[in-house]
Amino acid sequence: MTGMQFGIFTVGDVTPDPTTGGAPTEAERIQATVTIARKAEEVGLDVFATGEHHNPPFVPSSPTTLLGYIAARTERIILSTSTTLITTNDPVKIAEDFSVLQHLSGGRTDVMLGRGNTGPVYPWFGQDIRQAIPLTVEHYGLLRRLWREEVVDWEGKLRSPLQGFTLAPRPLDGIPPFVWHGSIRTPEIAELAAFYGDGFFANHIFWPASHTRKMVETYRQRFAHYGHGSPESAVVGLGGQVFMRPNSQDAVREFRPYFDNAPVYGHGPSLEEFSSLTPLTVGSPQQVIDRTLGFREYAGDYQRQLFLLDHAGLPLKTVLEQLDLLGEEVVPILRKEFAVGRSPEAPDAPTHQSLLRERDRRAAAAKPRPAEG
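The following refers to the structure shown. (Residues numbered from 1 in each chain as written. Predicted model: local features only at pLDDT ≥ 70, side-chain atom pairs only at ≥ 80, totals over all residues. Heavy atoms only, no water.)

Moving on, we come to the overall build of the chain. Along its length, the chain carries 13 helices and 12 strands. The C-alpha atoms of the chain give 21 Å as radius of gyration, which agrees with the globular expectation for 373 residues (21 Å, within 12%). Judged by the C-alpha coordinates and their principal axes, the chain covers about 75 × 50 × 40 Å. Per-residue burial for the chain yields a buried fraction of 54% across its 373 residues. (Helix = DSSP H or I, 4+ residues; strand = E, 2+ residues; numbered from the N terminus. Rg over C-alpha atoms; globule rule 2.2 N^0.38 Å. Buried < 20%, exposed > 50% of the residue type's maximum accessible area, 1.4 Å probe, protein only.)

Now the structure itself:
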């Protein structure tokens, strides 16, 4: 085991298949997401993560409801978000929802916090987009306290105060979910992750490697600045985007109509341009392996790699075939190769069990030793 986690994340779009014109219903898309998550566990992946969106054509408006259902249908896979909106969700509700999910899943839960990429979502939930960064900082400061303190007295500028509030249920084993701060472009989020010693997830699917390198370097340097350890001991995750067939020409030919009509980047740069400028890899499993291994050149030894597979109207059958290729031909090689030359300072990817062990180790180390007589 390399200490890395490999998995997939979904944005949950309901998009017509450009090759047939047919689109799933919202119910079919949600059920397909459950099938995809179960398949990810079956093929040996470590993580399934869902985004949070509150507007068509997306369906994952209630991530913890979805993940709670998936928790009951799986046994091993870690369930995360990619993103939970720290700006427009109330911190008390986030704390409650993820504590419940921890208990239901036996600790197979962590959370990725972010601001989202849809401006209109702010007024839908009574917030002001001009306060995006202050909301992020204030809400997260409260969320941390809710998970760590039995009784919380709190007052801020952007939310009503709390007096004598106790979270119920408390986090499983007294261990809050591990927090990743997700960002595409905002240095303040890297700073926030570094300040608290949390994980930093660079989405990495829309921007060139030079941008990701800068963001990750900033996070690592500030992580060390705040006294959490060396830059190499910071916890980093990366997004990625792939489409594979055994023959690379087949992959390009099959994926092109989906790329050209995708709701996120369709009708823009060509597939070839986008692939050269961003980490999108359309080709053979070996090409995906080579490209992904190259991420370490500018991100260092990192802890979590998530791939986007199920967007742009790709049929469920095709997504499940992608998961077979990922689980059978790509991830086993990545695990092996990422372990080669890995820095001894690079931590393993955090899990509930590893956080529990670390807490117990610190508690034991802090106990006074009996005087020798």
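Now that the structure is up, let's keep going.
A few words on the layout of surface pockets. A volume near 860 Å³ is recorded for the largest pocket. In terms of lining, the largest pocket is formed by 24 residues, of which the most central are Phe-178, Gly-197, Leu-355, Glu-358 and Arg-362. By residue number, the principal contributor to the lining of the largest pocket is helix H13 (residues 352-366), which donates five residues. Considered class by class, the residues forming the lining of the largest pocket number 12 nonpolar, five polar and seven charged. (1 Å grid on protein atoms, 1.4 Å probe; cavity = no way out; pocket = protein on both sides within 12 Å on 5 of 7 lines; lining within 4 Å. Points joined across faces, edges and corners; volume = space filled by probe spheres on them. Nonpolar A, V, L, I, M, F, W, Y, C, P; charged D, E, K, R; others polar.)

This brings us to the environment of Asp-260. Relative to the assigned elements, Asp-260 resides in helix H8 (residues 248-260). Note on Asp-260: relative accessible area 32%, which makes it partly exposed. With 97 residues separating them along the chain, Asp-260 and Arg-357 place their C-alpha atoms 48 Å apart.

Evaluated as defined, the whole model comprises 23 salt bridges. For the salt bridge of Arg-304 with Asp-110, the shortest nitrogen-to-oxygen distance reads 2.7 Å. A residue pair is termed long-range when its members are at least 10 positions apart, and Arg-304 in strand E12 (residues 304-308) and Asp-110 in strand E5 (residues 110-114) qualify at 194 residues. As far as the burial class goes, Arg-304 and Asp-110 line up, both buried. A salt bridge links Arg-245 to Glu-321; its shortest N-O distance comes to 2.9 Å. Here the residue Arg-245 occupies a position in the loop between strand E10 (236-244) and H8, and Glu-321 occupies one in helix H12 (residues 316-339), the gap between them amounting to 76 residues. What makes Glu-321 partly exposed here is its relative accessible area of 24%. Among the charged side chains, a network of salt bridges with common partners joins Arg-245, Glu-254, Lys-317 and Glu-321. (Salt bridge = Lys/Arg side-chain N within 4 Å of Asp/Glu carboxyl O.)

Before going further, it helps to spend a moment on the side chain of Ser-80. Structurally, Ser-80 is set in strand E3 (residues 78-81). Of note is the side chain of Ser-80, whose polar atom sits 2.6 Å from the side chain of Asp-110. Setting aside anything within four residues of it in sequence, one finds Ser-80 in contact with Val-47, Phe-48, Ala-49, Thr-50, Leu-67, Asp-110, Val-111, Met-112 and Arg-304. (Polar contact = N/O pair within 3.5 Å; in protein donor to acceptor, adjacent residues only side chain to side chain. Contact = heavy atoms within 4.5 Å.)

Attention now goes to helix H3 (residues 91-105). With 15 residues, H3 should cover 21 Å at 1.5 Å per step; its first-to-last C-alpha distance of 21 Å lies within 8% of that length. Turning to H3, its buried residues number three or more, namely Pro-91, Val-92, Ile-94, Ala-95, Phe-98, Ser-99, Leu-101, Gln-102 and Ser-105. N-capping of H3 is provided by Asp-90, with a side-chain oxygen placed 2.9 Å from the backbone N of Val-92. One or two positions beyond H3, positive phi appears at Gly-106, with a value near 65 degrees. (Expected span 1.5 Å × (residues − 1).)

Scanning the model with the defined rule gives 12 aromatic pairs in all. With a centroid separation of 6.2 Å and 50 degrees between ring planes, the pair formed by Phe-295 and Tyr-298 is classed as tilted. Since its relative accessible area comes to 3%, Phe-295 is described here as buried. Judged by centre distance (5.5 Å) and plane angle (80 degrees), the rings of Tyr-302 and Phe-338 are edge-to-face. Separated by 36 residues along the polypeptide, Tyr-302 in the loop between helix H11 (296-299) and E12 and Phe-338 in helix H12 bring together distant segments of the chain. Residue classification places Tyr-302 among the buried positions, given a relative accessible area of 1%. Grouping aromatic residues by their ring pairs yields a cluster made of Tyr-140, Phe-195, Tyr-196 and Tyr-226. (Phe/Tyr/Trp six-rings, centres within 6.5 Å; stacked < 30°, edge-to-face > 60°.)

We now examine empty space enclosed by the protein. Tallied over the entire structure, the rule returns two cavities of 30 Å³ or more. Lining of the largest cavity is provided by Ser-183, Ile-184, Ala-202, Asn-203, His-204, Trp-207, His-211, Thr-212 and Met-215. Counting residues per element, the lining of the largest cavity draws most heavily on helix H7 (residues 209-225), which supplies three residues. Classifying every residue of the lining of the largest cavity by side-chain character gives four nonpolar, five polar and no charged. Approximately 30 Å³ is the volume found for the second largest cavity.

So, about the packing of H3 against helix H5 (residues 132-148). It is the contact of H3 with H5, at a shortest axis distance of 9 Å, that shows an interaxial angle of 40 degrees. Taken together, the axes of H3 and H5 are oblique relative to one another. Handedness of the crossing formed by H3 with H5: right-handed. Along its contact with H3, which presents Pro-91, Val-92, Ile-94, Ala-95, Phe-98 and Ser-99, the element H5 presents His-139, Leu-142, Leu-143, Leu-146 and Trp-147. Per-class residue counts for the contact of H3 with H5 are nine nonpolar, two polar and no charged. (Axes fitted to C-alpha atoms, helices over the stretch in contact; angles between N-to-C directions. Parallel < 35°, antiparallel > 145°, perpendicular 65-115°, else oblique. Left-handed = near helix turned anticlockwise from the far one by under 90°.)

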